[in-house]
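Per-entry structural report
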Amino acid sequence: MTPLAQLLEAALFSANRPLAAEELCLLDSEASLADVRTALEQLREHYDFGQHGIELVELAGGYQLVTRAVHAAAIERAQFSQRAPRLSAATLETLAVIAYRQPVGRAEIEEIRGVSAGGVLRTLQERGLIEVVGRAEGLGRPLLYGTTPLFLELLGLRDLADLPKAEELSIALHPHAPEDSEHAAEAEVAIPAES
Amino acid sequence: MTGSITIPLTDMAEDGSAFVVELDQFTGPLDLLLHLLREERIEIADIPIARIADQFLAAIHQLGLNQAADYLDMASRLVRLKAQLLLPRHSDEEGWEDPRAELVRRLLEYQQIKEIALWMGRAAERRALNLARGYLPPPPELPPLPLTLDMLQLLSAVERVIAGIPSPVLHKVVARPLDVESAVRRIESILSVQEGCTWVEALGPAPTIVDVLSTLLALLEMARRGALTVTQPAPFAPLWIARDPSRTAA
């Protein structure tokens, strides 16, 4: 590995959040953004082709060193670390509305989900997954919400474009799909393959 | 919450086996509605409103009030739709819009959101398997404990709170009535022997705050009656209190 790749490795090891390539440029005044990207690629290959328990992943607009998924169970059993708790169905639905409609106000979220959203919005804000991104025009100038980088980090997405596109969704926009009641019953679990 | 509520919807299973709905498992009225449609294997675009409305009402029948608001809103929409569809119409009527269209649109939209939520849940689970350095799990969300207590416990709690209050600090209000009449008499007696006087003279010896206020009110009152004039030659200059010149003859 080049000295720059080693430096990046050290920085990524020390950080407790994903670091963007632009941020990593600060490490070495000589290095250009292109140099950093090349070194990151080298680092990724180092972990992927050597036999390593950790890997370099790209998420939330940055890079992070994480353990490989196969080791999660053993690490958890020994209680050395713990995976993030699962999100409830109501939380995920609210996040889905916000992710796709942002900036979006509370009224629209409630209209789409058919339930009041105050409590869930507060929890999501406390957990740093959404934030107020502005105010709508019109009566009362209601708050508008959007997702945060932490949301991307939690889902392991590089950016919002990693979310499934509307045309990739299996059923919702195709109400006149071939009639097949068995198929309709299972349609909800037929989600697109991993990105 | 009242826990899970099970409602047998016997009329919809042809073989007689009871079909059971647990409301806790639904995230809202649209979720429940989708479930009912799925159970009946009905295309969303072709909802038999009358039947679904009845099933929906049966399902929410025993809901606690807190949860019920969102469900009642949907129930009222369904009942209205049911009524609208009962009205006779000519099949060849032009411009007739299916009153179910709005509901169908919302259901499709919600179904899409559910699908995305499912996808996102799986993405989060996959991601959670990659442990990062320095990751601190957020503190678990503890639900508030249900408050159960009887009247005696409540009263003893109130007593403990009252006992904990130090000694009650009360502000005592002392009535110090202003004596405007005697101030008027003092000023009149001064003005009976001299043309005018200063504010300090009018106050009398060793004035208290009450004397100052009484004198001020007396002066204003007498000036209003025309018994004297109060002049101030310059800003912040001493006041000069003079007998009303028109009454000097009296």
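Residues numbered from 1 in each chain as written. Chains lettered and ligands numbered in written order. Predicted model: local features only at pLDDT ≥ 70, side-chain atom pairs only at ≥ 80, totals over all residues.

Assigned secondary structure in chain A consists of 9 helices and 5 strands. Start at the N end of chain A and walk to the C end: the helices and strands fall as α-α-α-β-β-α-α-β-α-α-β-β-α-α. A total of 195 residues make up chain A; the buried ones form 26% of that total. By sequence separation, contacts in chain A at least 24 residues apart represent 47% of the contacts at least 6 residues apart. (Helix = DSSP H or I, 4+ residues; strand = E, 2+ residues; numbered from the N terminus. Buried ≥ 20, exposed ≤ 12 C-beta atoms within 10 Å, placed from the backbone. Contact = placed C-beta atoms within 7 Å.)

Another point: the sheet that holds strand 4 (residues 130-135) of chain A. All names here are of chain A. With antiparallel pairing, the 3 strands of this open sheet are ordered in space as 3-5-4. Strands with a single pairing partner mark the edges of an open sheet, and in this sheet they are strand 3 (104-105) and strand 4. Where strand 3 and strand 5 (residues 143-147) come together, 2 bridges link them in antiparallel fashion. Bridge assignment links glycine 105 to a residue of strand 5, and that residue is leucine 144. Contacts from helix 5 (residues 89-101) reach strand 3, strand 4 and strand 5 within the one sheet, and its direction differs from that of strand 5 by about 95 degrees. (Pairing = 2+ DSSP bridges. Axes fitted to C-alpha atoms, helices over the stretch in contact; angles between N-to-C directions.)

To continue, consider the interface of chain B and chain A. The interface is formed by 40 residues belonging to chain B together with 48 residues belonging to chain A. Mapped by element, the contributors of at least two residues to the side of chain B that touches chain A are helix 1 (29-40), helix 3 (65-86) and helix 4 (101-128) of chain B. Here the element with the most residues in the side of chain B that touches chain A is helix 4 of chain B; it accounts for 20 residues. When its residues are assigned to classes, the side of chain B that touches chain A shows 23 nonpolar, 7 polar and 10 charged. (Nonpolar A, V, L, I, M, F, W, Y, C, P; charged D, E, K, R; others polar.)

All names here are of chain B. The strand order across the open sheet formed by 3 strands is 3-5-4, and the pairing between neighbours is antiparallel. Taken across any chain shown, the strands that pair with only one partner, and hence form the sheet edges, are strand 3 (196-198) and strand 4 (228-231). Direction aside, the axes of adjacent strands within the sheet are offset by 20 degrees on average. Strand direction decides the pairing type here: strand 4 and strand 5 (residues 240-243), joined by 4 bridges, are antiparallel. Across the sheet, threonine 229 pairs through a bridge with alanine 242, a residue of strand 5. Helix 8 (residues 209-225) contacts strand 4 and strand 5 of the sheet and is inclined by roughly 120 degrees relative to strand 4.

Residue and element names in this part refer to chain B. The predicted model of chain B averages 76 in pLDDT, with 78% of residues at 70 or higher. Within the model, the stretch residues 1-20 combines pLDDT values under 50 with 29 contacts to residues more than four positions away or in other chains. Scored as a complex, the prediction yields pTM 0.57 and ipTM 0.74. (pLDDT = per-residue confidence, 0-100.)

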